[in-house]
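# Notes for the structure review
Chain by chain, the residues:
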Amino acid sequence: MFYQTSEFYDLIYSFKNYRDEAEKIKKYIDEIQPHTKTILDVACGTGEHASFLKKSYKIDGIDLNEEFIEIAKTKNPQGNYYTRDMTQFDLKQTYDIVMCLFSSIGYVQTIDKLKHTIEQLKKHLKDDGLLIIEPWFTPEVWTPGRVNILTTEKEGIKINRMTHTEKMGTCLLWIFII
């Protein structure tokens, strides 16, 4: 989805407080799984969560977008990053935590692919591992016809992003114009 705008992804989402989210994730992990040492970040994007969590954990990541992977490597050089599809991958290792954040799970699109993806994620968990998935919007909170506009600027680069939501049958669509 972001192939044409990969280099601007962090600017587009500059409104998002990754530091705060990473602190909440760490607090949750410390409470539920305090022995955690390793994390696999699935659909890791540009590695912004890892840039904060790397202080406490060894974090690897996968993403379908090769440019995101290259950016993530610069933010967390100690991690291993791979260009992989979350619906079908095998890293031949397991982790204490496998996480898929920022509603990325929604990109699998179908129930069958979702089931298969969850199996892929579970395959990469240690026996006592924890799977953390931040869900997509549910139909109850989706508002068809909603228009959002985001304008941001940094170092002379100006971005205006408009999104429009639609519903087609059981499919919820989020249309981006950048």
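In this report, the structure presented in the accompanying data block is examined. (Residues numbered from 1 in each chain as written. Predicted model: local features only at pLDDT ≥ 70, side-chain atom pairs only at ≥ 80, totals over all residues. Heavy atoms only, no water.)

### Structural notes on a nonpolar patch on the surface
- Where nonpolar side chains cluster on the molecular surface, the patch consists of Val 147, Ile 149 and Met 162 and spans about 270 Å² of accessible area.
- Among the secondary structure elements, Ile 149 is positioned in strand 6 (residues 147–154). (Patch = residues over 30% accessible without salt bridge, like charges linked within 9 Å, V, L, I, M, F, W, Y side chains within 5 Å. Areas by Shrake-Rupley, 256 points an atom, 1.4 Å probe, with all protein chains shown as cover. Salt bridge = Lys/Arg side-chain N within 4 Å of Asp/Glu carboxyl O. Helix = DSSP H or I, 4+ residues; strand = E, 2+ residues; numbered from the N terminus.)

### Quick notes on the side chain of Asn 76
- Turning to its location among the elements, Asn 76 is positioned in the loop between helix 4 (66–75) and strand 3 (81–83).
- For Asn 76, a relative accessible area of 2% puts it in the buried group.
- A polar contact of 3.0 Å, which involves the side chain of Asn 76, links it to the backbone oxygen of Ile 59. (Buried < 20%, exposed > 50% of the residue type's maximum accessible area, 1.4 Å probe, protein only. Polar contact = N/O pair within 3.5 Å; in protein donor to acceptor, adjacent residues only side chain to side chain.)

### Some thoughts on the packing of aromatic side chains
- Following the criterion strictly, the structure yields zero aromatic pairs and no others.
- The cationic tip of Lys 16 hangs over the ring face of Tyr 18; the distance from NZ or CZ to the ring centre is 5.3 Å.
- In this structure, Lys 16 packs its charged tip against the face of Phe 102, placed 3.9 Å from the ring centre. (Phe/Tyr/Trp six-rings, centres within 6.5 Å; stacked < 30°, edge-to-face > 60°. Lys NZ or Arg CZ within 6 Å of the ring centre and 35° of its normal.)

### Considering the pattern of salt bridges
- Across all of its chains, the model carries nine salt bridges by this definition.
- One salt bridge connects Asp 20 with Lys 24, and the closest N-O pair in it is separated by 3.2 Å. Here Asp 20 and its partner Lys 24 are both found in helix 2 (residues 18–32), four residues apart, which amounts to about one turn of the helix.
- Given the relative accessible area of 55%, Lys 24 is considered exposed.
- Here Lys 92 ties to Asp 90 by a salt bridge, and the two come within 3.3 Å at their closest N and O atoms.
- Take Lys 92: its relative accessible area is 71%, and that puts it in the exposed class.
- In this structure Asp 90 comes out as partly exposed when scored by relative accessible area, which is 39%.

### Some words on the sheet that holds strand 3
- The strand order across the open sheet formed by five strands is 3-2-1-4-5, and the pairing between neighbours is parallel. Looking at which strands have only one partner, the edges of the open sheet turn out to be strand 3 and strand 5 (125–133). Taken pair by pair, the neighbouring strands of this sheet meet at an average axis angle of 20°, ignoring direction.
- Two elements, strand 2 (residues 58–63) and strand 3, share three bridges in a ladder whose sense is parallel. Of the residues in strand 3, the one forming a bridge with Asp 63 is Thr 83.
- Sheet contacts for helix 2: strand 1 (38–42), strand 4 (95–100) and strand 5; angle to strand 5, the most-contacted strand, approximately 145°.
- Its contacts with the sheet put helix 5 (residues 111–123) on strand 1, strand 4 and strand 5, and the angle it makes with strand 5 is roughly 135°. (Pairing = 2+ DSSP bridges. Axes fitted to C-alpha atoms, helices over the stretch in contact; angles between N-to-C directions. Contact = heavy atoms within 4.5 Å.)

The analysis is restricted to geometry; functional conclusions fall outside its scope.
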